[in-house]
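The chain contents come next:
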Amino acid sequence: MRPFDYVRPSGLPEATRQARAEGSAFIAGGTNLLDLMKLEVMAPTRLVDINRLDLAECASLPIGGLRIGALVTNSDLAADERVRRDYPLLSRALLAGASGQLRNKATTGGNLLQRTRCYYFYDTSAPCNKREPGSGCSAIGGATRLHAILGASDHCIATHPSDMAVAMQALDAGVEIETVEGITRSVPLSDFYRLPGDTPHIETVLEPGDLITGVVLPAPVKATQIYRKVRDRASYAFALVSAAAVVAVENGTIGSAALAFGGVAPRPWRNHHAELMLAGERPSEKLFEAFADEVLGEARGQGGNDFKIPLLRRTIIATLKQATEESQ
Amino acid sequence: MTAHVKMDAPDRRNRLDAMAQGVIGEPLDRSEGALKVSGKAVYAHEWPVEGLCHAVLVRAAISRGTVTRIDKAPVEAMDGVLAVIDDDRLLRNPAQGTANKAPVQGPRKIFYIGQPLAVVVAESFEQARHAAQQLVVETEAADAVLDPEAETLEHERPKGKQTSQGDLDQAMGAAAFSIDEVYRTPGHSSAPMEPHAAIASWDGDRLTVRASCQMLKYNRNELADALGIKPENVRILAPYVGGGFGSKLGIAHDAVAASIAARAVGRPVALALSRRQVFETTMRRSESRQRVRLAADAEGRLTGIGHAALVSQLPGEKFSEPVTQATHFLYAAKNREIVHEIVRLNLTCAGSVRAPGEAIGMTVLETAMDELAIKAGIDPVELRKRNIPETDPEGDKPFSSHMLASALDRGAKLFDWQRRNPVPRSTRDGEWLIGLGMSSAARVNMLAEAEAIVTLSAGGVRIESDMTDIGTGTYTVLAQVAAEMLGQPMQSVTTVLGDTDLPPGPGSGGSWGASSTGSAVFAACEDIRKCLAEKLGCVEEELTLKDGHAVTANRRVPLAELLADGPISVRGVIEPGKTSKEVRQSTFGAFFAEVAVNEVTAEVRVRRMLGVFAAGRILNAKTARSQCLGGMTFGIGMALTEELIHDPRTGAIVNRDFAEYHLPVNADVPQLEVDFLEERDPWASPIQAKGIGELGISGAAASINNAIFNACGVRVRDYPATLDKILAGL
């Protein structure tokens, strides 16, 4: 761990200003950042501690929906009565992640920004384009059990490890961002993460100094919600694949369907185009298969993760089957 | 006074059964348990030592090559840095168990990725770690050998580990049913909760090391040899050890590097391996390729057994995973071919990991037996019972005791095995396919030389030995032996362990700790009883000791009265003798498992598991059970999740932390049941106890894998049975 400065701003303007300088990083729960700093995978020269900012509240919005403060912990969010009632898949996704101790510290904003678990990102003696732009990708041709089948590039095949973000993606969440100029802007979660392309070190649309202040969930819709996580052990393991589904069936046909997938891509994966295939259709195995094939149309395995393609296909079909049955 | 017992003949007296205190075998809590759970037990790295500074190891980032230059100056100039050391005495790898001398040393030649090349010492841990991360080590890389199955590699066949009896090929040709399959098991890490750590301090020429070690008698000699000093100048203290599972058998990087560093800076030095370093630099269990051939007649009686194992090791290391150890004696068959081969690789040193040999050898043999049972249409329990040998099938020696059939019967009854439907995919619970599986358990039994001093005084009993307690309950079981023999309530017995100044024990390893050191304590106690009998004028056999009193004929005398002229102190010594050679000694058991396989995702969950074990006299039903629970939990990991994943190009262990090296977590471990068969093995030890720490893993994974087949009809021959290996067959 390299020596670093530590500041604890008292308000938003100071926080964004302090974080604007190169080498600065915000710290909230620190459950990921501190590990990475100890390994010198990340070496910020200044930590801007936002824990005392007023961002730890979950507020119901007058127009319906919920605004989740960036500092709301994963434990608190999972236990929130409104979340459990109106967005149960979010609660389930949160509880499917990490461990009780980690969830007590981990925050909503931090969860969105956690870094990949790619083995090679964590190994400072191995080239990694995400860690050292231009150095190469060690994962390609290496151990790839964890890696992406969708959205990857020749420069990076890492996956985003969050469960929470997958659920939020299916819920059409928006990310609220405070800029250095003091402007609050909102970005749909589906536009928040950038695909790696040839700049895998740039993971989101955040600009220097930008601070996530909250996540906004739109008003709940009447639908069945499912979060299904497939992993190598029963708890405390990242998803090999996961599926979040918000599906409403009315009069025997699918009214709306939103599906997001984790463990398979550099960001929580959603295919709006494929979802159009479902709306207005009667649920059937054939329909689900066609949907899965559409989602997986561009999927490409790396050897060690080839199994994710049939695994995601089966998981999608089973999740849709369950969701449509429960929704009838 | 010394009481020396050499185990040349069986001891059928069962003396512990004749005692009156009633504590032997009782499920007593560990005496130090409260200290551990409340954080008061002081582990190696936690000692408050004045003037302490901190050291961190620097690793090799290549798998093979030489160090050409270390740029020390910039790091030496960093804040707080006291020294940058690349002493020739730094270890290449830890010593193997009972080596008693230094392992290969020298940080110039690189043999595996992660090998320690230097040690950085600084005022604080944070400064040392940062400085170590900045140290530039220039190396010249050479081609590394990484694939154990590469065809170009030379296969060594060590003498004494091969068996060829009869004509296996002929038996296979003539068999009514046969199996000829190749199985693989991956490398494993011991992954103890407490990382390997040491604090070294010098007082003139005398070195004291507070360390996390399993075998102090050997560790002292290994450390002295590594440093080039006299063993009498070395003292190792290890009163508490937070798990070892074989990875702390021999002296390791932490103690040696801390000692060198402490000498160099003239101050005490603490060094703890990071979790990554535990994975990269401490012993791994070798991966294995195992070909098993089984030939059986129409009734399922084995006519031939072939078991050929290929394991790997660093160049120059003697140890190799003894995969086929139990295959030699487990099942009868006239024609036998057992082959043990080693290839040399540039991967982390291979060494003992809980039950070296049986853990993976029994697992594979018992998977093959399940395949044979299915092929022959014979119930798997029945198939095993039909093949239990009368005597050791390779040496014609009698077994000291043989409880396999009883364990199989008992397990089948307790688990309600008869409810198993032999047809795969016939039991379902929603999305989950349910299956039952079983396997035999066996682990060789060993007695080791051990000494302990037992002192009986008016105030109670004191036991002293350099034996270690690695979380197993040694403190408590030794106290139970003495309390029983000397008629003392448990609270009157003090056990002092983990100090090389105390009489040498064999340490914790090979499951021999409790029976060996317990026997030394027993021998001392028998002599103390004789002294007391003499004082009372009776024969020892007529003496009853209970609750601090001696009773003989119609007299009841407080022991304090008999000890008024001073305590009685006896050094007990147990030495293995003819019983180790004249009979085949093994512990036996059986595992039964129920699993659920998800039909959509191929995820596997163990639903319940039973282990029935025969391990001689059980000294403490609670600590013994805990040992078996731990072993079975290892079995769940071996069956489903645990695997060292190496980068195919560099050999690097890529999953070197607890997030990615998947040990079973609580949610993976269902209600486990453990059942002990009543047994006294007179050949094993004077206390009729046998080893137990490793039996619970020896074959356990096979019961789970066999249950997977019963559930879904997919046979996994490449452990662990991760979902990707099952998915394709669903």
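Preceding this section is the structure that the text describes.
All of these numbers come straight from a predicted model, not from anything done at the bench.

Colleague: I tried to follow the pattern of salt bridges on my own but got confused; where do I start?
Modeller: As a working rule, side chains carrying opposite charge can pair if their charged atoms are close by. Residue and element names in this part refer to chain B. Counted according to the given criterion, the structure contains 76 salt bridges over all chains. With a closest N to O distance of 3.0 Å, Arg89 and Asp87 form a salt bridge. Looking at Arg89, the relative accessible area reads 29%, which means it is partly exposed. In this structure, the salt-bridge partner of Arg607 is Asp429, at a minimum N-O distance of 3.0 Å. A residue pair is termed long-range when its members are at least 10 positions apart, and Arg607 in strand 29 (residues 604-614) and Asp429 in strand 19 (residues 428-429) qualify at 178 residues. In this structure Arg607 comes out as partly exposed when scored by relative accessible area, which is 34%.

Colleague: Looking at this model, I keep getting lost on the interface of chain B and chain A. Mind explaining?
Modeller: The accessible area lost on association of the parts is a frequent measure of interface size. The interface of chain B with chain A comprises 36 residues on the first partner and 37 residues on the second. Summed over both partners, the interface of chain B with chain A comes to about 3,000 Å²; 52% of that surface belongs to carbon and sulfur atoms. If you sort the residues of chain B by the area they bury against chain A, Arg276, Arg649 and Glu660 of chain B come out on top, with a joint share of 15%. Taken together, the connections running from chain B to chain A amount to 3 salt bridges. Taking the shortest distance from any N to any O, the salt bridge between Glu431 of chain B and Arg228 of chain A comes out at 2.7 Å. Where chain B touches chain A, the interface holds 19 residue pairs in polar contact (both at pLDDT 80 or more). Contributing elements (two or more residues each) for the side of chain B that touches chain A: helix 3 (125-134) and helix 17 (723-727) of chain B. Per-element tally for the side of chain B that touches chain A: the top contributor is helix 3 of chain B, with 4 residues.

Colleague: Just to check I follow, could you spell out the pairing of strand 9 (residues 224-230) of chain A for this structure?
Modeller: Across a regular strand the side chains alternate sides, sitting on one face of the sheet and then on the other. Residues and elements named next belong to chain A. For strand 9, the buried fraction is high: 7 of the 7 residues fall into the buried class. Taking every second residue as pointing to the same face, both faces of strand 9 are buried, with Thr224, Ile226, Arg228 and Val230 on one and Gln225, Tyr227 and Lys229 on the other. Looking at chain direction, strand 9 and strand 10 (residues 241-250) are connected through 7 bridges and run antiparallel. Bridge assignment links Ile226 to a residue of strand 10, and that residue is Ala245.

Colleague: What should I look at first to understand the packing of helix 11 (residues 474-486) of chain B against helix 12 (residues 513-536) of chain B in this one?
Modeller: Residues and elements named next belong to chain B. Relative to each other, helix 11 and helix 12 sit at 25°, their axes nearing to 9 Å. As far as their axial angle goes, helix 12 and helix 11 are roughly parallel. Between helix 11 and helix 12 the crossing geometry is right-handed. Contacts between helix 11 and helix 12 pair Val477, Leu478, Val481, Ala482, Met485 and Leu486 from the former with Ala514, Thr517, Gly518, Val521, Phe522, Cys525, Glu526, Ile528 and Arg529 from the latter. Counted by class, the contact of helix 11 with helix 12 contains 11 nonpolar, 2 polar and 2 charged residues.

Colleague: Is there a simple way to think about helix 6 (residues 253-265) of chain B in this case?
Modeller: Given 3.6 residues per helical turn, the α-helix brings residues three or four places apart onto the same face. Residues and elements named next belong to chain B. Its 13 residues give helix 6 an end-to-end C-alpha distance of 18 Å, which sits within 8% of 18 Å, the value for a rise of 1.5 Å per residue. The buried count for helix 6 comes to 10 of 13 residues, which makes it a mostly enclosed element. Taken residue by residue, helix 6 has His253, Asp254, Ala255, Val256, Ala257, Ala258, Ser259, Ile260, Ala261 and Ala262 as its buried positions. Taken from the residues just after helix 6, Gly266 is the one with a positive phi, measuring 70°.

Colleague: Explain the packing of aromatic side chains here, please?
Modeller: Here the distance between the centres and the angle between the planes together describe a pair of aromatic rings. Per the counting criterion, the structure on display carries 15 aromatic pairs over all chains. Here Phe121 of chain A and Tyr122 of chain A contribute two aromatic rings whose centre-to-centre distance is 6.0 Å and whose plane-to-plane angle is 80°, an arrangement assigned as edge-to-face. Take Phe121 of chain A: its relative accessible area is 2%, and that puts it in the buried class. Of the residues examined, Tyr122 of chain A reaches a relative accessible area of 7% and is grouped as buried. One cation-aromatic arrangement involves Arg210 of chain B over Trp47 of chain B; the distance from NZ or CZ to the ring centre is 4.2 Å. When the ring centre of Phe415 of chain B is taken as reference, the NZ or CZ atom of Arg608 of chain B above it lies at 3.8 Å.

Colleague: Would you mind going over the side chain of Thr163 of chain B with me for this structure?
Modeller: Residues and elements named next belong to chain B. Relative to the assigned elements, Thr163 resides in strand 8 (residues 163-165). Using a relative accessible area of 13% as the deciding quantity, one classes Thr163 as buried. When sequence neighbours within four positions are dropped, the list of residues in contact with Thr163 reads His328, Arg336, Glu337, Ile338 and Glu394.

Colleague: Just checking my understanding: could you explain the sheet that holds strand 1 (residues 5-7) of chain A for this structure?
Modeller: Backbone-to-backbone hydrogen bonds pair the strands of a sheet. The strands run either parallel or antiparallel. Residues and elements named next belong to chain A. The parallel open sheet is built from 3 strands, whose spatial order is 1-3-2. Here the strands that pair on one side only, and so sit at the sheet edges, are strand 1 and strand 2 (24-27). Adjacent strand axes in the sheet meet at a mean angle of 25°, parallel and antiparallel pairs treated alike. Pairing of strand 1 with strand 3 (residues 46-49) involves 3 bridges; the strand directions are parallel. Each residue of the ladder has a partner; that of Asp5, found in strand 3, is Arg46. Against the sheet, helix 1 (residues 12-20) makes contact with strand 1, strand 2 and strand 3, and its axis sits at roughly 140° relative to strand 2, the strand it touches most.

Colleague: Which parts of the structure should I look at to understand the packing of helix 15 (residues 621-640) of chain B against helix 16 (residues 700-712) of chain B?
Modeller: When two helices pack together, their arrangement is given by the angle between the helix axes and the distance between those axes. Residues and elements named next belong to chain B. The N-to-C vectors of helix 15 and helix 16 enclose an angle of 50°; their axes lie 7 Å apart at closest approach. One finds that helix 15 runs oblique with respect to helix 16. Read as a crossing pair, helix 15 and helix 16 show a hand that is right-handed. Residues Gly635, Ile636, Met638, Ala639 and Leu640 of helix 15 form the contact with helix 16, whose participating residues are Ala700, Ala701, Ile704 and Ile708.

Colleague: What is the right way to look at helix 5 (residues 88-95) of chain A in this model?
Modeller: With respect to burial, helix 5 of chain A is a largely interior element, 6 of its 8 residues being buried. Along helix 5 of chain A, the positions that sit buried rather than exposed are Pro88, Leu89, Leu90, Ser91, Ala93 and Leu94 of chain A.

Colleague: For this particular structure, what's the right way to read the environment of Thr45 of chain A?
Modeller: Residue and element names in this part refer to chain A. As for its placement among the helices and strands, Thr45 is situated in the loop between helix 2 (33-38) and strand 3. Linking Thr45 and Ile202, residues 157 residues apart in sequence, is a C-alpha distance of 19 Å. Sequence-distant contacts of Thr45, defined by excluding residues within four places in its chain, comprise Phe4, Asp5, Glu22 and Gly23.

Cut-offs applied
Residues numbered from 1 in each chain as written. Chains lettered and ligands numbered in written order. Predicted model: local features only at pLDDT ≥ 70, side-chain atom pairs only at ≥ 80, totals over all residues. Heavy atoms only, no water. Salt bridge = Lys/Arg side-chain N within 4 Å of Asp/Glu carboxyl O. Buried < 20%, exposed > 50% of the residue type's maximum accessible area, 1.4 Å probe, protein only. Helix = DSSP H or I, 4+ residues; strand = E, 2+ residues; numbered from the N terminus. Contact = heavy atoms within 4.5 Å. Buried area = accessible area lost by both parts, 1.4 Å probe. Polar contact = N/O pair within 3.5 Å; in protein donor to acceptor, adjacent residues only side chain to side chain. Pairing = 2+ DSSP bridges. Axes fitted to C-alpha atoms, helices over the stretch in contact; angles between N-to-C directions. Parallel < 35°, antiparallel > 145°, perpendicular 65-115°, else oblique. Left-handed = near helix turned anticlockwise from the far one by under 90°. Nonpolar A, V, L, I, M, F, W, Y, C, P; charged D, E, K, R; others polar. Expected span 1.5 Å × (residues − 1). Phe/Tyr/Trp six-rings, centres within 6.5 Å; stacked < 30°, edge-to-face > 60°. Lys NZ or Arg CZ within 6 Å of the ring centre and 35° of its normal.

What is shown is where atoms sit, not what they do.
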